[in-house]
Amino acid sequence: MDAGKSMSREKLTDTEIGERLRLARESAKLTQADAAALVGVVRTTLVAIEQGKRRVHMDELQKLATAYRTSANALLRREAVHLDMVPRFRKLQESSDDAVERATRLLNDLVRAEVELEDALGVSRSRNYPPERPILPGDIRAQAEQDAQELRDWLGLGPGPVTDIVSILDLQLGVRVYVRPLDGKVSGLFAYDDTAGACILLNANHPPERLTQSGVHETAHFVSTRRQAEVLTEDERFTSREERYANAFQRSFITPARAVRQRFAEITAGQSHLTRRHIILLAHAFGVSREAMVRRLEELKLAREGTWDWFLTNGGISDDQVRQVLGDLPDRIVNAARAQGLVPPRLALLAREAWKKEIYSEGQLARLLQLNRHEIREILDGAEKEESEANELVKLPH
Amino acid sequence: MSSSSFLTNPRASLIADASVVINLNATARAAEIIKAVSNLFIVTENACAELEAGIRNGHRDHAQLLELIDAGLVRRASLGNAVMIVYESLIDGSTSRTLDDGEAATIAHAQEIGGVALIDERKARTLCSASFPHLQIASTVELLMHDAVAGAIGADGQVDALMNALTNARMRVPAEHVGKLTAIIGAKRAASCSSLPKHVREADAAPQK
């Protein structure tokens, strides 16, 4: 992690402050010349400040903090975590893309805030990462199929559908996973940092089936190319071996070959044609879209190639037809709770605890979580009430 | 400190933190409330910058503050060089012993000019009392409950102002003022305010004897 922490001393050294200023400037997308002009010094002076060769004056720090959209306290606080995963994502993009840049910054900010609050409260997130499976020479699809099944077995999932990928990542693996509304073209992001661990951001605006696909896709990167940041967008062409692996892993994990074959055999027994009804029942059983189901059947040679295209040219498979087969099912709201609120639930709980214990002030938390005062009060509201609800019966045993 | 005693010296300036400005704006009667007290009202540049940075979700706190400044009701102040060391001590160090820029500047400026720091934040008040025991601290609710405010906007106006601050801005109320506040706005209204302690919120539901 590009973190500047020194727990043993009360104040940071000039070099540590300089490094934090550099990261904050880069985060604000300002050049050294821009920053020097804002402060009224020559560029070489700013370089010396960032290198820790010249101590920044308080008035300069104030101006820089304002220009970098942060505060002097956020730059000087000893425990502040200065994580910058954004450049790792920038390297992936052929051209700069604002939607991806915003999503990468959001992931970075969420992780940074959570790690800082964990440090402040002395808590840590336990990791239960599966073994890494680097991509080897040879048939990529076969490797993905094998690795996906191995992970399913390791997780004890059995042949059933993946109903809540967020809980699997969060609770079973200990991955930092956030579901937030993102630009429609961004499906998910994955990054790994030595200190923060594996981090995934998924688009809350996507339907549950797609969110599951994106979550498993990012899990594939976590399994195979853990050290490489990854962003999944809708125009992904899956050209690289890594992407082809992740795509195949995603299909194999969500719709395992053996389970699909078995289910397919059961529901088509004694029948001569593959119908819409079969597709609807299979897609529902595995919690995937109708298209994803048909394409998987094509891949497993359970349906002829071009079957989905045939359905499309013959009127597709409509929601009405799904309703006729399955009846009125309640909308699946898995993950919805994680997407609501100004910050993810665990982060909100950490913030409330840090405020209750007077480790952070309202202003410090607002800055850390990038909220205004109204928003942070919404998060903190009721924290005092919880305190007055304290009862020995509900005391946590630690 | 009694709830009305902080305004005994009309020459003492009141240095308001960003959170106090937000509460005052939420009352919808900020100008009248400020006019009601003869003390000079000050907001530091840092607190202004914080409100400016927090413009989102339709809140107009920064614009409303500028209107109060333009009307001559609030003065904007920068920290002097002499007090920079105090300010630095409040922002530089471990998280638990520091504050964000606006909160720190409010305390530092109050210390610099011998004014009253108007600040609601629990941790800021605790740190301030420990580091500057002679510095006078007061909160929004004390200002709003003051007799001068009731005199200017009337008893009903005072109740409305308090309720607006509590419901629109989730105003924090230091424990020592909860009793008087409840007496002014009434137990039923107090029970509806989510930012007040649970015992206040449940008092209305308690069986009548």
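Residues numbered from 1 in each chain as written. Chains lettered and ligands numbered in written order. Predicted model: local features only at pLDDT ≥ 70, side-chain atom pairs only at ≥ 80, totals over all residues.

Caption draft 1: Up close: the sheet that holds strand S5 (residues 136–138) of chain B. All names here are of chain B. Pairing is parallel in the open sheet, where five strands are placed in the order S3-S2-S1-S4-S5. Each edge of the sheet is formed by a strand with only one pairing partner; in this case those strands are strand S3 (75–77) and S5. With direction set aside, neighbouring strand axes in the sheet form an average angle of 35°. Where strand S1 (residues 14–16) meets strand S2 (residues 41–44), two bridges bridge the pair, whose relative direction is parallel. Across the sheet, Ile15 pairs through a bridge with Ile42, a residue of S2. Its contacts with the sheet place helix H6 (residues 101–113) against S1, S2, S3 and strand S4 (116–118), and it is angled at close to 135° to S2. (Pairing = 2+ DSSP bridges. Helix = DSSP H or I, 4+ residues; strand = E, 2+ residues; numbered from the N terminus. Axes fitted to C-alpha atoms, helices over the stretch in contact; angles between N-to-C directions. Contact = placed C-beta atoms within 7 Å.)

Caption draft 2: Structural view of the domain arrangement of chain A. All names here are of chain A. Domain boundaries in chain A define domain 1 (1–82), domain 2 (85–254), domain 3 (257–326) and domain 4 (341–394). Domain 2 and domain 3 are separated by 27 Å when their C-alpha centres are compared. Of all elements in the fold, only helix H10 (208–224) and helix H11 (241–254) reach the threshold of two or more residues within the side of domain 2 that touches domain 3. At three residues, the largest contribution of residues to the side of domain 2 that touches domain 3 is made by H11. Residue composition of the side of domain 2 that touches domain 3, by class: four nonpolar, three polar and three charged. (Domains from an automatic or database assignment. Nonpolar A, V, L, I, M, F, W, Y, C, P; charged D, E, K, R; others polar.)

Caption draft 3: View of the interface of chain A and chain B. Between chain A and chain B, the residue contacts involve 31 residues of the former and 37 residues of the latter. Looking at the side of chain A that touches chain B, the element that brings in the most residues is helix H19 (residues 362–369) of chain A, giving four residues. Of the residues in the side of chain A that touches chain B, the class split is six nonpolar, ten polar and 15 charged.

Caption draft 4: Broad picture of the sheet that holds strand S2 (residues 186–193) of chain A. Residue and element names in this part refer to chain A. The strand order S1-S3-S2-S4 describes an open sheet built from four strands, whose pairing is mixed. This sheet does not close on itself; its edge strands, each paired only once, are strand S1 (176–180) and strand S4 (230–233). Sheet twist, expressed as the mean angle between neighbouring strand axes with direction ignored, is 10°. Bridge analysis of S2 against strand S3 (residues 197–203) gives six bridges, and the strand direction is antiparallel. Paired with Gly188 across the strands is Leu202, a residue of S3. Along the sheet face, H10 touches S2, S3 and S4 and points at about 30° away from the line of S2.

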